[in-house]
Amino acid sequence: GTDAVIAQIPTIFSTDLGPGRNKLFIRGVADSSFNGPTQSTVGQYLGDVRLTYSAPDPSLNLYDVERVEVLAGPQGTLYGTGAIGGIIRFVPAAPDPSESAATATAGLAHTNKGGFSSDLAAMVNVPLATDRVGLRAVGYLVVDGGYIDDPSRVLINVNRVSSWGGRLALRLTPGDDWTVDIGGVVQNISGRDGQYILRGAPDLTRSNRIAQPYDNDFRLVSVTFAKDWGGLTLTSSTGFARHDLDSRFDASPAPTSPARLFDDSEAIALFSHETRLVGGSGG
């Protein structure tokens, strides 16, 4: 997910609340660690389609991604997002209408003083009409082993996070240097408890009376038209994204008082459309 990008690029910062809950900042341009009605200071794209506006980073798993672009500072010249911190653009591998291909990957890891992690992913590319229509599908299942223990409930590795999802992309090349890309993304992230510890507690421990799970469900459908005139490219993209966020917090006023829960549910929808004309000199 996005953590792999943050680990390599020092100008990107995260609130470290957990996958699917983080807000991202570039070059220290930040507002707050919490989501709200205002626009995020960092705009995120999958290809040419906007992923979020005021929602947290969906932390899409980056299987079968061609490259990641990070543009620091306001990017209103090419991206009409108004994001003042910068842009993070994930460019997935495009469907290839000329030949079939398939890949698969699996991984297993163990966290020091924590649990086991695993991941499984597969990609299939199929030409539906040679050199005209290609279909590409990606699916994955990921488990991040926890490393925080809760001695009060006699539980270990309570902050385990699991996610599953996939992408489906259809590319049409009708001719005359036109391309049409139709795509969809589904991803569900589920954390079984909070990712934090409390000051004064032993290392990697936290005592709570109740679990504080969270869930982040992300959906995206999009269509992008592109036309190339040699040194001039027209791109028009339209997308609809929906974020369903559910969190539970321990709001008990004191350890000896009755347990009190605070449940928070949000449904954040984003309809976006951008059209840009870019020349060989940059814009």
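Just so we're clear, the structure is a prediction, and the values are computed from it rather than from any experiment.

1. Quick notes on the sheet that holds strand E4 (residues 49-50)
What holds strands together in a sheet is hydrogen bonding between their backbones, with the strands either parallel or antiparallel. The strand order E4-E3-E6-E5 describes an open sheet built from four strands, whose pairing is mixed. The open sheet has two edge strands, E4 and strand E5 (65-72), and neither has a second partner. Pairing analysis gives seven bridges linking E5 to strand E6 (residues 86-92), with the strands arranged antiparallel. Bridge assignment links alanine 72 to a residue of E6, and that residue is glycine 86.

2. Focus on the pattern of salt bridges
Per the counting criterion, the structure on display carries 14 salt bridges. Residues arginine 89 and aspartate 48 are paired through a salt bridge, measuring 3.5 Å at the closest nitrogen-oxygen approach. Taken together, the residues arginine 89 in strand E6 and aspartate 48 in the loop between strand E3 (42-46) and E4 connect sequence positions 41 residues apart. For the pair arginine 89 and aspartate 48, a shared accessibility class is recorded, and that class is buried. Of the charged contacts, one joins arginine 242 and aspartate 244 as a salt bridge, the two residues approaching to 3.1 Å between their closest N and O atoms. With relative accessibility at 35%, the residue arginine 242 sits in the partly exposed group.

3. What to know about the side chain of histidine 243
Relative to the helices and strands, histidine 243 resides in strand E13 (residues 232-250). Look at histidine 243 and you get buried, because its relative accessible area is 2%. Setting aside chain neighbours within four positions, we find histidine 243 in contact with Thr52, Ala55, Pro56, Pro58, Asn216, Asp217, Phe218, Glu266, Ala267 and Ile268.

4. Description of empty space enclosed by the protein
One pass over the structure, following the stated rule, counts three cavities of 30 Å³ or more. Considered as a void within the structure, the largest cavity measures approximately 70 Å³ in volume. In terms of lining, the largest cavity is formed by Asn22, Lys23, Leu24, Ser40, Val42, Gln44, Thr52, Ala55, Pro56 and Asp57. Residue composition of the lining of the largest cavity, grouped by class: four nonpolar, four polar and two charged. Forming the boundary of the second largest cavity are Leu51, Thr52, Tyr53, Ser54, Ala55, Phe218, Ala241, Arg242, His243, Ile268, Ala269 and Leu270. Only E13 and strand E14 (261-279) provide two or more residues apiece to the lining of the second largest cavity. In the lining of the second largest cavity, the residues fall into eight nonpolar, three polar and one charged.

5. Some words on the layout of surface pockets
The space that makes up the largest pocket amounts to roughly 860 Å³. The wall of the largest pocket is formed by 38 residues, among which Gly47, Asp48, Arg89, Arg171 and Asp181 lie closest to the centre. At the level of elements, E5, E6, strand E9 (133-144), strand E10 (161-175), strand E11 (178-191), strand E12 (214-228), E13 and E14 are the ones that each hand at least two residues to the lining of the largest pocket. Considering each element in turn, the lining of the largest pocket owes the most residues, six residues, to E11. Looking at the lining of the largest pocket residue by residue, the class counts come to 19 nonpolar, eight polar and eleven charged. The set of elements that each furnish at least two residues to the lining of the second largest pocket consists of E12, E13 and E14. When its residues are assigned to classes, the lining of the second largest pocket shows eight nonpolar, eight polar and seven charged.

What counts and what doesn't
- Residues numbered from 1 in each chain as written.
- Predicted model: local features only at pLDDT ≥ 70, side-chain atom pairs only at ≥ 80, totals over all residues.
- Heavy atoms only, no water.
- Pairing = 2+ DSSP bridges.
- Helix = DSSP H or I, 4+ residues; strand = E, 2+ residues; numbered from the N terminus.
- Salt bridge = Lys/Arg side-chain N within 4 Å of Asp/Glu carboxyl O.
- Buried < 20%, exposed > 50% of the residue type's maximum accessible area, 1.4 Å probe, protein only.
- Contact = heavy atoms within 4.5 Å.
- 1 Å grid on protein atoms, 1.4 Å probe; cavity = no way out; pocket = protein on both sides within 12 Å on 5 of 7 lines; lining within 4 Å.
- Points joined across faces, edges and corners; volume = space filled by probe spheres on them.
- Nonpolar A, V, L, I, M, F, W, Y, C, P; charged D, E, K, R; others polar.

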